[in-house]
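# Geometric and topological summary
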Amino acid sequence: MRPRLPRPPFSHLGVKLFVIILSVNVVIAGLVFLAVSRSLDRGFLDYLETTQANRAETLADGLGQEWARRGGWQWLRNSPPAWERLVRQQLWPGERPPHGIERRLGDARDFVLHDAEGLPVIGLPPDDGEIAAELHWLPIEYQGQRVGTLGYRPPQQLMARMDRIFLSRQQRNLGIIVAALGLASLLLAGGLAWWLGRRTRSMALATRHLIEGDYSARLPERGRDELSRLARDFNMLAATLEASREARSRWVSDIAHELRTPLAVLRGEIEAMQDGIRQLDQDNLHSLAQEVGQLERLVADLRLLSQSDAGALEVQLAPLDLAASLSSRLEEAGGWLDDCGMAVSTDIQGPAWIRGDARRLRQLWTNLLDNSCAYTTSPGLLEVRLEQAHDRVRMIWQDSPPGVPEAALGRLTERLYRVEGSRSRASGGSGLGLSIASALVKSHGGTMQASASPLGGLCWTLEFPALDAEERTR
């Protein structure tokens, strides 16, 4: 069970996100409130102005007809209450007067009537110039003759008198809506900031663990969003780094073991010669030379693998017949294979042109031969088949028992890995041969895959990119 990261109690990112979201929503809500209030105010006043002007024109036409029927305005001077009935009849003939704002726009007190000489009939006296200047005036005519003047209050004055009932009510409702939006924004910003802050806190803490060299912690992987994918990628990175550290530790330990064995042999033989137990003759010197040679081969193999890791492996690629290279090496190794008790069966179809390095390919065949000879029980059988499939050249290299457990097939090219798990040279070499073979195949743009052999042993499938006739002539 991998340890989970503790969650710190405070997230600076969460607080910043909360403040930003809340501030943006509050500013947007405030701007919406101001814009809607202004638009509503202006639109409502325009509506009032149009409505009041239309009703004033309707009243002026009706008053002209009434002047002709009554023969003047004296009857209104004698009966002021009749003015309200007259206004109501002209504006809402045969209808019941409406209530609210519509009623206020048709109030008889909002209209002033003067005769043709400008003398007041109903409303303000002629010397009340301040209020009269605020009124809007319409001429009252009958058959082209001006018989009077009708004045009416502008909507701004009506709004002041009505205490802006309508706008106040609408702005209050809008304020409630904006407050509700602000509360919703507060809850949304708080929830989102808490959720994202919790996720990012874990990631920040896990990153600090990686920097400090602790690769054991893992992030929870919940959901399918980008943060979940990031957590999954982070866990893969941590697992890879942990495996790399373990492999590096194992690699150093294995190398130390491989170096320690020949050095211990050298030291023992040299001390035996110094103590006079062994003679300083050609046989003993030859034994020392063999151990030195083993050290040289190990160092050379390690250097090749390090160059491969760094992408600096010296490979000079040129058009090359892979069939000829393989056949030549197998013929040269005939005596070696006979000594190992290995029979060879080949089916090499050529030519098979690739871009390759003859020296590196020879090293590849040697490593494969060495592996087959070291791990195949004598008498054994080695089958080598080479064929071309479309744009690939495929080589099948398989031998007889013993086989390799299926679980170990994917690890055969790991450095210093051997199936039997021991470091005894009686059952094999240093464990670098197949790693070097895999690096050489990759340097040629190919692939190398292990599987169980029908012969009972191990089967290697190597594929290389093939060259066509045009590429060979370049």
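Placed above this text is the structure.
Structural notes, computed from the coordinates. (Residues numbered from 1 in each chain as written. Predicted model: local features only at pLDDT ≥ 70, side-chain atom pairs only at ≥ 80, totals over all residues. Heavy atoms only, no water.)

## Re the side chain of D357
- Take D357: it is sitting in the loop between β7 (353-356) and α12 (358-375).
- Summary of buried charges: D357 has no salt-bridge partner, and the nearest side chain of opposite charge, R359, is 4.7 Å away.
- A distance of 3.0 Å separates a polar atom in the side chain of D357 from the backbone nitrogen of R359.
- Look past the residues within four positions of D357 in its chain and what remains in contact with it is E314, V315, Q316, L317, L320 and H444. (Helix = DSSP H or I, 4+ residues; strand = E, 2+ residues; numbered from the N terminus. Buried < 20%, exposed > 50% of the residue type's maximum accessible area, 1.4 Å probe, protein only. Lys, Arg positive; Asp, Glu negative; His and termini not counted. Salt bridge = Lys/Arg side-chain N within 4 Å of Asp/Glu carboxyl O. Polar contact = N/O pair within 3.5 Å; in protein donor to acceptor, adjacent residues only side chain to side chain. Contact = heavy atoms within 4.5 Å.)

## Quick word on the pairing of strand β8 (residues 380-389)
- With seven bridges joining them, strand β6 (residues 342-348) and β8 adopt parallel strand pairing. Residue pairing for β8: D347 is matched across the bridge by R385.
- With eight bridges joining them, β8 and strand β9 (residues 392-399) adopt antiparallel strand pairing. Counterpart to L382 in the pairing with β9 is D399. (Pairing = 2+ DSSP bridges.)

## With respect to the state of the cysteines
- Taken as a whole and assessed by the stated rule, the structure comprises zero disulfides.
- Between C340, a cysteine without a disulfide, and C373, which holds the nearest cysteine sulfur, the sulfur-to-sulfur distance is 3.4 Å.
- We classify C373 as buried; its relative accessible area is 13%. (Disulfide = S-S within 2.5 Å.)

## Examining the environment of W83
- Tracing the backbone shows W83 in helix α3 (residues 82-91).
- In this structure, the C-alpha to C-alpha distance between W83 and F111, residues 28 residues apart in sequence, is 9.7 Å.

## Here's the deal with α3
- For α3, the full list of buried residues reads A82, W83, L86, V87 and L91. The arc enclosing the buried residues of α3, seen along the axis, measures out at 155°, which places them on a common side. (Arc of directions from axis to C-beta.)

## As for the sheet that holds strand β11 (residues 458-465)
- With respect to topology, five strands assemble into an open sheet ordered β6-β8-β9-β11-β10, the strand pairing being mixed. Pairing within the sheet leaves two strands with one partner each, and these edge strands are β6 and β10 (447-452). Strand-to-strand twist across the sheet, computed as the mean angle between neighbouring axes with direction ignored, equals 15°.
- Taken together, the six bridges between β10 and β11 define a ladder with antiparallel strand orientation. In the sheet register, M448 faces β11, and the bridge partner there is L462.
- Against the sheet, helix α10 (residues 322-332) touches β6, β8, β9 and β11, its axis set at about 165° to β6.
- Docked against the sheet, α12 engages β6, β8, β9, β10 and β11, running at close to 25° with respect to β9. (Axes fitted to C-alpha atoms, helices over the stretch in contact; angles between N-to-C directions.)

## Overview of a nonpolar patch on the surface
- On the surface, I20, V24, I28, V32 and V36 cluster together into a nonpolar patch covering about 400 Å² of accessible area.
- Along the polypeptide, V24 turns up in helix α1 (residues 12-70).
- V24 gets classed as partly exposed once you look at its relative accessible area, which sits at 43%. (Patch = residues over 30% accessible without salt bridge, like charges linked within 9 Å, V, L, I, M, F, W, Y side chains within 5 Å. Areas by Shrake-Rupley, 256 points an atom, 1.4 Å probe, with all protein chains shown as cover.)

## Comments concerning unusual backbone geometry
- Cis geometry marks the peptide bond from S378 to P379, where omega comes out at -5°.
- Tracing the backbone through its elements, the reader meets P379 in the loop between α12 and β8.
- A cis amide bond links P401 to the next residue, P402, at an omega of 5°.
- Position of P402 relative to the elements: it lies in the loop between β9 and α13 (433-443).
- Not every positive phi belongs to a glycine, and Q143 is a case in point at roughly 55°.
- With relative accessibility at 72%, the residue Q143 sits in the exposed group.
- Positive phi is not limited to glycine here, since H390 has a value of about 60°.
- Residue position: H390 is located in the loop between β8 and β9.

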